[in-house]
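Examination of the molecular architecture
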Amino acid sequence: MTKYVFVTGGVVSGLGKGITASSLALLLKSRGYKVFMQKFDPYFNVDPGTMNPIQHGEVYVTYDGCETDLDLGHYERFIDEELNYSSNITSGKIYSSVIEKERRGEYLGSTVQMIPHITNEIKNKVFEAGLSSHADIVITEIGGTVGDIESQPFIEALRQIQYEQGKENTFFVHCTLVPLLFGSGELKTKPTQNSVRDLRNMGITPNALVCRVPYPTEEKLRSKLSLFCSVPVENIIDSVDVDNIYQIPINYYNQHIDEIILKQFGLPIKKADLTYWTNLIDTVNNLKGEVRIALVGKYIELHDAYLSVHESLVHAGYVYNKKVEVDWIDSESLEKESTNLDEIFKNVDGILVPGGFGSRGIEGKIKAINYARVHNVPFLGICLGMQLAVIEFARNVCGIKDANSTEFEPTTKNPIIDLMADQKSIINKGGTLRLGNYECEITKGTLAYKDYKQTKILERHRHRYEFNNKYRDVLEEHGMVFSGINKAADLVEIIELPSHKHFIASQFHPEFKSRPTAAHPLFLSFIKASIGNKK
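Attention in this report is confined to the structure presented alongside it. As the structure is a prediction and not an experimental result, all values here were calculated from the model. (Residues numbered from 1 in each chain as written. Predicted model: local features only at pLDDT ≥ 70, side-chain atom pairs only at ≥ 80, totals over all residues. Heavy atoms only, no water.)

**Points about the sheet that holds strand E1 (residues 3–9)**
Sheets are built from strands paired through backbone hydrogen bonds, the pairs being either parallel or antiparallel. Our working rule: Strand pairing is assigned whenever DSSP identifies at least 2 bridges connecting the two strands. The helix count covers DSSP runs of H or I at least four residues long, the strand count covers runs of E at least two residues long, and both are numbered beginning at the N terminus. For helices, the axis comes from a line fit to the C-alpha atoms of the stretch in contact; other axes are also lines fit to C-alpha atoms, and the angle between any two N-to-C directions lies between 0 and 180 degrees. Here, two residues are considered to be in contact whenever any of their heavy atoms come within 4.5 Å of each other.
If you walk across this open sheet you meet the seven strands as E5-E2-E6-E1-E7-E8-E9, and the pairing is parallel. Of all the strands in the sheet, the pair left with one neighbour each is strand E5 (88–90) and strand E9 (236–240). Averaged over all adjacent pairs, the angle separating strand axes in this sheet is 20°, with direction ignored. Of the strands in this sheet, strand E2 (35–41) and E5 touch helix H4 (residues 91–103), which is tilted by about 70° from E5. The strands touched by helix H6 (residues 152–165) within the sheet are E1, E2, E5, strand E6 (137–142) and strand E7 (170–177), with E7 carrying the most contacts at an inclination of about 145°.

**Considerations on the packing of aromatic side chains**
Note the following rule: Two rings from Phe, Tyr or Trp (for Trp, the six-membered ring) form a pair when their centres are within 6.5 Å of each other. A pair whose planes differ by under 30 degrees is stacked, one over 60 is edge-to-face, and the rest are tilted. Charge-over-ring contacts are defined here by two conditions on Lys NZ or Arg CZ: a distance within 6 Å of the ring centre and an angle within 35 degrees of the ring normal.
Taken as a whole and judged by the stated rule, the model has 16 aromatic pairs. Connected via pairs of aromatic rings, a cluster forms that spans Phe78, Tyr246, Tyr276, Trp277 and Tyr318. When the ring centre of Tyr438 is taken as reference, the NZ or CZ atom of Arg434 above it lies at 4.1 Å. One cation-aromatic arrangement involves Arg472 over Phe482; the distance from NZ or CZ to the ring centre is 5.8 Å.

**Focus on the state of the cysteines**
Just so we agree on the cut-off: Cysteine sulfur atoms are paired as a disulfide whenever they come within 2.5 Å of each other. Between buried and exposed lies partly exposed: a residue is buried under 20% and exposed over 50% of the maximum accessible area for its type, with that area taken using a 1.4 Å probe on protein chains only.
Per the stated rule, a full pass over the model turns up zero disulfides. Of the cysteine sulfurs around Cys383, a residue in no disulfide, the closest is that of Cys440, at 14 Å. Its relative accessible area of 4% is what places Cys383 among the buried residues. According to the relative accessible area criterion, Cys440 is buried, its value standing at 2%.

**Here's the deal with helix H3 (residues 71–79)**
In an α-helix there are 3.6 residues to a turn, and that puts residues three or four apart on one side. Counting buried positions along H3 yields nine of nine residues, so the element is predominantly enclosed. Of the positions making up H3, those classed as buried are Asp71, Leu72, Gly73, His74, Tyr75, Glu76, Arg77, Phe78 and Ile79. A positive backbone phi angle near 50° is found at Asp80, which sits one or two residues after H3.

**Thoughts on a positive patch on the surface**
Applicable threshold: For patch detection, residues must exceed 30% relative accessible area and be free of salt bridges, and they are connected within 9 Å for like charges or within 5 Å for nonpolar side chains (Val, Leu, Ile, Met, Phe, Trp, Tyr). Each accessible area is a Shrake-Rupley result for a 1.4 Å probe, and residues are judged covered by the shown protein chains and nothing else. A pairing counts as a salt bridge when a side-chain nitrogen of Lys or Arg comes within 4 Å of a carboxyl oxygen of Asp or Glu. Charge counting treats Lys and Arg as positive and Asp and Glu as negative, with His and both chain ends excluded. The atoms used to mark charge sites are NZ of Lys, CZ of Arg, CG of Asp and CD of Glu.
Among the surface-exposed residues, Lys190, Arg197, Lys220 and Lys224 lie close enough to one another that they form a single positively charged patch. Taken together, the elements giving at least two residues each to the positive patch come down to helix H7 (190–201) and helix H8 (219–229). Mapping Lys190 onto the fold places it in helix H7. By relative accessible area, which is 46% here, Lys190 ends up partly exposed.

**Things to note about the side chain of Glu511**
This is how the line gets drawn: Any pair of nitrogen or oxygen atoms within 3.5 Å is treated as a polar contact; in protein, a donor-acceptor pairing is required on top of that, and neighbouring residues in sequence qualify only through side-chain atoms on both sides.
Looking at the element boundaries, Glu511 is found in the loop between strand E21 (503–506) and helix H18 (521–532). Salt bridges are absent for the buried Glu511, whose nearest opposite-charge side chain, Arg462, sits at 8.5 Å. Side chain to side chain, Glu511 and His509 meet in a polar contact 2.7 Å long. If sequence neighbours within four positions are ignored, Glu511 has contacts with Ser308, Val309, Ser312, Ile382 and Phe523.

**Re unusual backbone geometry**
For the bond running from Ile115 to Pro116, omega is 15°, close enough to zero to count as cis. Looking at the secondary structure, you find Pro116 in helix H5 (residues 114–133). With phi around 60°, Lys453 is a residue other than glycine that occupies positive phi space. With respect to the helices, strands and loops of the structure, Lys453 is situated in the loop between helix H16 (447–452) and strand E17 (456–463).

**Description of the packing of H7 against H8**
What counts is decided by this rule: Any angle between 65 and 115 degrees counts as roughly perpendicular, while under 35 counts as roughly parallel, over 145 as roughly antiparallel, and the rest as oblique. By convention, the crossing between two helices is left-handed when the near helix turns anticlockwise from the far helix through less than a right angle, and right-handed when the turn is clockwise. Gly falls in the polar group here, along with every residue not listed as nonpolar (Ala, Val, Leu, Ile, Met, Phe, Trp, Tyr, Cys, Pro) or charged (Asp, Glu, Lys, Arg).
Following both chains from N to C, one finds H7 and H8 inclined at 25°, their axes separated by 10 Å at the closest point. With respect to H8, the element H7 is oriented roughly parallel. When the axes of H7 and H8 are compared, the crossing they make is right-handed. Here Thr192, Gln193, Val196 and Arg200 of H7 lie close against H8, whose contacting residues are Lys224, Leu225, Phe228 and Cys229. When its residues are assigned to classes, the contact of H7 with H8 shows four nonpolar, two polar and two charged.

**Quick word on the pairing of strand E20 (residues 491–496)**
Here E20 lies mainly inside the structure; six of its six residues are buried. In this structure, strand E19 (residues 481–486) lies alongside E20, joined through five bridges in antiparallel fashion. Note on E20: the bridge partner recorded for Ile485 is Val492. Two successive antiparallel strands, E19 and E20, enclose a turn made up of four residues, where Asp490 displays a positive phi of approximately 55°.

**Remarks on the nonpolar core**
Keep this limit in mind: Nonpolar cores were defined as sets of buried Ala, Val, Leu, Ile, Met, Phe, Trp, Tyr and Cys residues, with membership established by side-chain atoms within 4.5 Å.
Among the nonpolar cores identified, the biggest contains 68 residues, and Val5, Ile139 and Trp277 are the most heavily contacted of them. The element contributing the most residues to this core is helix H1 (residues 17–30), with seven residues. Every residue in contact with Val5, bar those within four places of it in the chain, is listed here: Leu24, Ile137, Val138, Ile139, Thr140, Phe171, Val173, Ile261 and Phe265. Of all hydrophobic cores here, the second largest spans 43 residues; its members include Ile329, Cys398, Ile416 and Ala505.

**Comments concerning the environment of Pro521**
Tracing the sequence through the fold places Pro521 in helix H18. When its relative accessible area of 23% is taken as the criterion, Pro521 is described as partly exposed. Sequence separation of Pro521 and Lys224 is 297 residues, and the distance between their C-alpha atoms is 51 Å.

Structural data, given as structure tokens:
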């Protein structure tokens with residue numbers, strides 16, 4: 001029978017619930033258990049797919065094409081497991097599903113209410129995660145903080161799950177803040193006491209507290225929390241501020257939180273194997289030298305909009321024992337005539353142009369790509385970055401001066417990038433892109449083949465527009481190589497320029513498959529080339 005761990009948060013947001021949930025999953029997996037992770041988000045969007053990246057951060061895509069919260073990227077990178085459609089559930093999904101069932105008459109004329117209909121739907125999603133993954137243990141993070149109006153139905157559903165499944169099959173971890181008051185120098189427990197009281201008022205007593213603190217707490221403070229919160233002293237865990245995020249699971253391991261969970265579940269406490277993780281920590285703590293990458297984007301006000309791209313660069317740096325420094329460059333700023341590109345790129349070792357949507361900042365990205373190509377600077381393009389690399393090449397090498405994408409110029413006479421045929425009749429924006437895993441066949445003897453060392457790969461996608469095959473011949477005649485193709489639909493997946501030091505771009509998103517212990521091949525080769533180009 002699947003066991004369930006629920007991670008809630010109190011006092012303030014941003015305490016690291018996602019990292020805590022990921023760390024618990026990593027520790028339980030290290031003891032030989034099959035784990036799966038899930039995130040409940042209280043907002044009413046069905047998924048984050050249509051949300052502004054500057055407001056919400058990146059949209060992370062699972063292998064089966066689900067557009068999800070960026071926390072799922074943390075989950076996958078920590079536990080190195082592929083998550084699926086049941087991993088990110090929003091209030092929007094829950095309410096939409098209930099309303100659709102009501103319209104179909106599935107409630108047999110009942111008055112549809114918060115309890116039991118909404119809470120039953122939430123419970124079904126929890127159990128579906130266990131069934132779809134065949135996991136021994138499912139770890140579910142509840143977004144927001146206890147006391148938020150929008151998260152109350154989720155908390156009530158979890159209370160019901162605990163009642164129905166029994167405490168031997170459920171475990172509640174509550175993440176809170178123990179602030180240090182400036183002046184007195186005291187750690188204060190009252191915010192945590194109040195947060196736990198709020199949770200208990202909703203019928204849930206946490207089994208463990210994870211307390212965000214600036215330094216390890218003393219026994220006296222933990223005893224006080226234990227008394228006021230009805231949580232055993234040994235179940236009160238310090239979440240100490242760290243310089244290296246990968247140290248957090250080890251800190252929890254040293255406080256035995258995984259053993260505490262397994263004891264309550266009545267499961268054997270198998271020996272943990274964390275050798276690979278401690279090796280990673282040692283690598284990160286002893287990096288020598290750096291490599292500087294220019295990331296030219298249109299959402300750089302919020303770095304989380306490119307979280308997986310940044311993490312993938314960092315992962316590749318670990319392999320070469322280098323710290324990756326990123327220069328965040330606003331593509332719109334490059335469009336000004338007064339902009340000196342030589343000055344902007346003088347200290348960078350490589351240029352990366354990531355994905356995005358819409359016409360804003362496009363010409364700035366194209367100028368950055370042109371600079372990389374003309375000045376022989378290592379270049380990696382992702383999704384929109386690939387499309388713009390093709391447009392830049394068509395304009396400046398093939399002489400098709402008005403080459404463009406119908407996304408930016410619907411009436412362009414030379415649509416190098418165009419809507420796929422099956423996309424032209426689609427009206428809705430949400431969930432209608434080309435999403436998830438698609439096959440790509442790589443040509444031998446190319447840079448892509450050198451990177452992947454195989455001819456068939458699976459990569460995740462998130463886009464609506466594609467390269468227009470009518471222009472393939474003319475671009476090939478001028479030196480562009482189409483090294484990766486989806487044979488089923490004859491779609492271009494990877495392009496490269498063999499005459500260049502390192503110039504490659506993909507229609508897919510390689511960043512979604514990079515891991516701290518297994519960097520993605522395209523990022524590996526890009527960082528290697530950038531190190532070789534170091535100024």
